[in-house]
Amino acid sequence: MTVDVTSSGATRLLRLSNGAVNALSVGNGFVGEIAAALNEALADVECKAIVMTGAGKMFCGGADITDFDGDPRALEALRNLLLAVEDASKPVIMAIHGVALGGGLELTLAGHYRVAQAGARLGVPEVTLGLLPGAGGTQRLPRLIGAGPALDMMLSGKPVAADKAQTLGLVDRLVEGDVVAAALEWAAEVPPTRRTGALPVPADRDEAVAAHRAKLRKGLNPAPAKIIQCVEALSDDLAAGLALEGALFGELMQTEASRGLRHAFFGERTVARIPGLSRDVTPRDIRSVGVIGGGLMGTGITLALLNADLPVIMVELREEALAKAGETIRKTIQRDVDKGRIDQAKADARIAAFTPATSLDALADIDLVIEAVFEDMGVKQQVFTALDAITRPDAILASNTSTLDVDAIAALTKDPSRVVGLHFFSPANIMRLLEVVRGRETAPDVLATAMAFGKRVGKVGVVSGVCDGFIGNRMFEEYLRQTWFMLEEGALPQQIDGALERWGMAMGPCRTMDLAGQDIGWAIRKRRAVEQPDRPYSGVIDRICELGRFGQKTGKGIYAYPDGRTAEPDPEITKLIEDYSAEIALERREISDEEIVGRCLLALINEGARIVGEGIAYRPVDVDMIYLHGYGFGRERGGPMFQGDVIGLPALLERLRTHAQGRNGWAWTPAPLVEELAAKGGNFQDLNS
Ligand code: 3HC
């Protein structure tokens, strides 16, 4: 952490350097150092102008998000620094390269002039953290570029490219080459000082506020409404606007939604770190990939890889299925052109990178093979035995299995160290989660390669050990178990789904299973009935399956799908559920939304804690990232284990014990980790570092 101060003629150059993103940390004293360097420059009579820039890859990634866990007044120092910059008696020119985000962009707004390097990105992503730009952004950005464009930037959180920023008036000059040299050249002219905060209230304020307020969607994130409130409050009194902004920022910081979103931000980065994996382990180079299987999964995986500009050979023995997969791939890529996401040349290149094949021999010289064939050990055995013989000895062999034992699959090969699980989630070209399953023998560099590969194809990779269902599906089983029990006890599917969706799940469990295919869950329950006879499910869901109602794909499931897509509650199912309760002599009772959410959530947390305790997941945050990216768990809710901390470990244990004394109490045995943490006053968060 330093502010590197140099002089160039009569200009002082302050180069900010703090960690990977030059975060404007108050806690470690960095903001104080910048203020001191600024004051020195202002006091020096020889100094006529000041240029500020960032060291390394970027100007600045924003205020230090870790500062927000403490005292809300911590940000005062940053706000004061920005006021000092704005009020400086000498011109302050900001030289921007890489990114200027959040507090970083706000710092540039306090400066008098902005020069950006072509390719730089400027934005205010605070809303994605459940916050508002809290260092003057809500007051200065609308003054500079107008309320409409400022609200667009603040409410979307999306950065704009430097050329667009120049069009908006956010950037004064755009340069192709050395941005610091350009800023120094300008500073040598000693342009007059000017203050963004002194600009008049933008003329479009009322219109823009009304338009954005009308578009405001109800959701868990409280920040958008507060951002609009700050813009609405713009007046000639800058100090009053800043005071309101500061107060609302302090409020937002404390909300569960902002804490959940910040947990998600750091969680996505934490899961990439594999405990115990030496820094010396270098991932292997993956330049070509083979995908085996042209079904839904194989097609989705292939698309995900082509979209990351990786060449793919797809092997599918059935010519008809191969042709169909190829057609879907071409159409999907072409649709990206129609939607303006990519140009035709890019689409042509991606389509050309796809090679269909009907024999595994095509994979002789490939770096990574991903098997996505039918979930049957016999079929996998044939594939892996063949791959063992055909592929290069250094090629990585991955299975996309969601249910089978990766160690058993690895044992089919001569070198199990090159086998790993890559569990994609359907549709694989869209869902961001990739469960990377570490087998007993998986080599460290194979694991590192799998994680690097996941990042390359735009996924959030999370490592799981080997167990039935891995992390995500193993927990989901307990969630579903409670869902089916609640159906027989008195709830209806639409009530369960509604309660959970209002709480923050993208889709309730009944609709989810209708979409995934009820036959899949049915097969798992049949297998479990043999393997775990002491852990039964409600029979009500099997009754629905017995009618051949497998969900959306068969036109009917728990819901009816009159138009093939929209779930409609079905009186036939209501009757079936009520009849079932009568048949098992269970008097149906009112089940509150609170009970629905409470039981489903508790089931996830308890199984998640078991999984962490067993070492299947490295940390609670790994479990959370799996739920955020693979199961539609609301990002503002942080994830199941984050929610465990919100409830508090002693209260969690108490609730589990209460349930354990009720109906089907066997399903509620507290996980040892919950007992342990509750006893010692700990929480899940402590285990995340
Ligand atoms: N505060 C604290 N740490 C931060 C940070 C921030 N604002 N931004 C990034 N980091 C950390 C990351 O956690 C990571 O740490 P790790 O190496 O220990 O895991 C490290 O910096 C590098 O980050 P990335 O891996 O994300 O690096 P990239 O080069 O891929 O991306 C980036 C850089 C585009 C700047 C990206 O990190 C990013 O989007 N950061 C957050 C931007 C943001 O939201 N800024 C607003 C902050 S809130 C604010 O400014 C409030 C203000 O209005 C008062």
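Residues numbered from 1 in each chain as written. Predicted model: local features only at pLDDT ≥ 70, side-chain atom pairs only at ≥ 80, totals over all residues.

- As recorded by an unreviewed UniProt entry, the chain carries the name 3-hydroxyacyl-CoA dehydrogenase and is attributed to Sphingobium jiangsuense.
- According to UniProt, the comment filed for the chain under the heading Pathway (unreviewed entry) is "Lipid metabolism; fatty acid beta-oxidation."
- UniProt, in its Catalytic activity (unreviewed entry) section for the chain, records the words "a (3S)-3-hydroxyacyl-CoA + NAD(+) = a 3-oxoacyl-CoA + NADH + H(+)". (UniProt positions renumbered as here; feature names shortened; annotations may be inferred.)

1. A closer look at the sheet that holds strand E4 (residues 92-96)
Alright, step 1. Overall, mixed pairing links the 6 strands, which are arranged E1-E2-E3-E4-E6-E9 in an open sheet. The two strands at the open ends of the sheet, each matched to only one other strand, are strand E1 (2-8) and strand E9 (173-175). Each strand of the sheet is rotated relative to its neighbour by a mean of 20°, with strand direction disregarded.
Alright, step 2. Both E1 and strand E2 (residues 11-17) contribute to a ladder of 7 bridges, which runs antiparallel. Paired with Val5 across the two strands is Leu14, which belongs to E2. (Pairing = 2+ DSSP bridges. Helix = DSSP H or I, 4+ residues; strand = E, 2+ residues; numbered from the N terminus. Axes fitted to C-alpha atoms, helices over the stretch in contact; angles between N-to-C directions.)

2. Some thoughts on the site of the ligand
Alright, step 1. Gly61, Gly62, Ala63, Gly102 and Gly103 are the nearest of the 25 residues found near the ligand.
Alright, step 2. Listed by contribution, the elements that provide at least two residues to the shell around the ligand are strand E5 (99-101), helix H3 (103-110) and helix H11 (256-270).
Alright, step 3. Tallied by class, residues from the shell around the ligand come to 14 nonpolar, 7 polar and 4 charged. (Near = placed C-beta within 6 Å. Nonpolar A, V, L, I, M, F, W, Y, C, P; charged D, E, K, R; others polar.)

3. Let's talk about helix H9 (residues 223-232)
Alright, step 1. In terms of burial, H9 is a largely internal element, 7 of the 10 residues being buried.
Alright, step 2. Lining the buried residues of H9 we find helix H4 (137-145), helix H5 (147-156), helix H8 (205-215) and helix H10 (238-253). (Buried ≥ 20, exposed ≤ 12 C-beta atoms within 10 Å, placed from the backbone. Contact = placed C-beta atoms within 7 Å.)

4. Focus: H8
Alright, step 1. When H8 is considered as a whole, its buried residues turn out to be Arg205, Ala208, Val209 and His212. The buried side chains of H8 occupy one side of the element, clustering within an arc of 100° when seen end-on. H8 presents Glu207, Ala210 and Ala214 as exposed residues on the side facing more than 90 degrees away from its buried surface.
Alright, step 2. Looking at the packing, one finds that the buried side of H8 touches H4, H5 and H9. (Arc of directions from axis to C-beta.)

5. A closer look at the UniProt feature "domain: 3-hydroxyacyl-CoA dehydrogenase NAD binding" (unreviewed entry) in the chain
Alright, step 1. Sequence positions flagged by UniProt for "domain: 3-hydroxyacyl-CoA dehydrogenase NAD binding" (unreviewed entry) are, in local numbering, residues 289-464.
Alright, step 2. Here residues 289-464 is 41% helix and 20% strand, with 22 Å between the C-alpha atoms at its ends.

6. Describing the confidence of the model for the chain
Alright, step 1. Residue-level pLDDT values for the chain average 96, and 100% of them are 70 or greater.
Alright, step 2. For this predicted complex, the interface confidence score (ipTM) comes to 0.99, while the overall pTM stands at 0.95. (pLDDT = per-residue confidence, 0-100.)

7. A closer look at unusual backbone geometry
Alright, step 1. A cis amide bond, omega -5°, links Ser426 with the succeeding residue Pro427.
Alright, step 2. Within the secondary structure layout, Pro427 lies in the loop between strand E15 (419-424) and strand E16 (433-437).
Alright, step 3. Its identity is not glycine, yet Val190 carries a phi of approximately 45°, on the positive side.
Alright, step 4. Looking at the element boundaries, Val190 is found in the loop between helix H7 (179-188) and H8.
Alright, step 5. In the Ramachandran plot, Asn664 falls in the positive-phi region, its phi being about 50° despite a non-glycine side chain.
Alright, step 6. On the secondary structure map, Asn664 appears in the loop between helix H27 (649-660) and helix H28 (672-680).

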